[in-house]
Amino acid sequence: MSSEPNVLQPEWDAEMPDEPFRVRATRVGAHAGAEQLGATLYEIDAGGAISPYHIHHANEELLIVLAGSPEIRTPGGPRRVGAGAVLAFPRGEGGAHAVSNPGPEPARVLVVSTMRFPDVAEHVDTGATMTITGPGAVRVFPAAADVPVVDAVLSAMQANGDAAAGAG
């Protein structure tokens, strides 16, 4: 990565070429030295998406469309937006969103986010929950992983006890 990231000539950090994503991404905020703001540039191929429909409970996001015409799904329903559109996704249910690209040309978007940790993101359609404890520190819990708190604590204590017993 060069010393200054460039949203017009990006050096991609990650590429997910397969469905449902078909996207490239670079963390331009981190590369520029930002500490309190996240900023990720995405280039979404036709038929691709950034993520499922989701809600952040700690972070607010702002999306700026740089090129193409992605489809943005919010609680008000899906709609296509064009280059230059700026959309805010506040934390909580009112900020639920998904970004996809029906095509035909690639879409490029910049997503800026507050960097409050920990954060919990709910994937509304799948029931999965993500815990985010820091940049790149994400754990995903599928809907079926939901167990009563007491059972989870007892299981963790037993596993920790088994590990401690084996260490002696």
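Residues numbered from 1 in each chain as written. Predicted model: local features only at pLDDT ≥ 70, side-chain atom pairs only at ≥ 80, totals over all residues. Heavy atoms only, no water.

A. Quick peek at the overall build of the protein. Scanning the protein from terminus to terminus reveals 2 helices and 13 strands. Overall, the C-alpha framework of the protein stretches about 60 × 40 × 30 Å when taken along its three principal axes. Considering the protein as a whole, with its 168 residues, one finds that 36% of them fall into the buried category. Sequence-distant contacts, at least 24 apart, represent 58% of the contacts inside the protein between residues at least 6 apart. Of the side chains in the protein, 10 bear a positive and 20 a negative charge, and the two mean positions are spaced by 5 Å. (Helix = DSSP H or I, 4+ residues; strand = E, 2+ residues; numbered from the N terminus. Buried < 20%, exposed > 50% of the residue type's maximum accessible area, 1.4 Å probe, protein only. Contact = heavy atoms within 4.5 Å. Lys, Arg positive; Asp, Glu negative; His and termini not counted. Charge placed at Lys NZ, Arg CZ, Asp CG, Glu CD.)

B. Focus on the side chain of H123. By the secondary structure assignment, H123 is in strand β11 (residues 119–123). Taking relative accessible area as the criterion, H123 reaches 13% and is therefore assigned buried. Residues contacting H123, with those up to four places away along its chain left out, are P52, Y53, H54, A128 and M130.

C. Spotlight on unusual backbone geometry. Between E19 and P20 the backbone carries a cis peptide bond, its omega angle lying at 10°. Turning to its location among the elements, P20 is positioned in the loop between β1 (14–16) and β2 (23–26). Going from G103 to P104, the amide bond is cis rather than trans, its omega being 10°. When you line up the elements, P104 lands in the loop between β9 (97–101) and β10 (107–114). The phi torsion at R22 lies on the positive side, around 50°, for a residue other than glycine. You can see R22 is positioned in the loop between β1 and β2. A relative accessible area of 27% places R22 in the partly exposed class.

D. Summary view of the sheet that holds β2. Strands sit in the order β1-β2-β3-β10-β5-β8 across an open sheet of 6 strands; the sheet is antiparallel. Each edge of the open sheet is held by one strand with a lone partner, namely β1 and β8 (86–89). The average undirected angle you get between the axes of adjacent strands in this sheet is 20°. As defined by bridge partners, strand β5 (residues 61–67) adjoins β8 across 4 bridges and the pair is classed as antiparallel. When the bridges of β8 are listed, E61 appears paired with F89. (Pairing = 2+ DSSP bridges. Axes fitted to C-alpha atoms, helices over the stretch in contact; angles between N-to-C directions.)

E. Here's a closer look at the environment of I72. For I72, the position within the fold is in strand β6 (residues 71–74). Looking at I72, the relative accessible area reads 0%, which means it is buried. Linking I72 and E93, residues 21 residues apart in sequence, is a C-alpha distance of 15 Å. Setting aside anything within four residues of it in sequence, one finds I72 in contact with L63, G77, P78, R79, V81, L87, F89, A98 and V99.

F. Main features of the sheet that holds strand β4 (residues 48–56). The sheet built from 7 strands is open, its strands ordered β7-β6-β9-β4-β11-β12-β13 with antiparallel pairing. Taken across any chain shown, the strands that pair with only one partner, and hence form the sheet edges, are β7 (77–80) and β13 (137–141). Recorded for the sheet is a direction-independent mean angle of 25° between the axes of neighbouring strands.

G. Highlighting the nonpolar core. Core analysis: the biggest nonpolar cluster contains 15 residues, and Y42, I44, L63, I72, L87 and V109 have the highest contact counts within it. Put simply, the parts of the chain that give this core at least two residues each are β2, β3 (37–44), β5, β8 and β10. (Core = buried A, V, L, I, M, F, W, Y, C linked by side-chain atoms within 4.5 Å.)

H. Looking closely at the packing of aromatic side chains. Following the criterion strictly, the structure yields 0 aromatic pairs and no others. Over the aromatic face of Y53 sits the side chain of R73, whose NZ or CZ is 3.7 Å from the ring centroid. (Phe/Tyr/Trp six-rings, centres within 6.5 Å; stacked < 30°, edge-to-face > 60°. Lys NZ or Arg CZ within 6 Å of the ring centre and 35° of its normal.)

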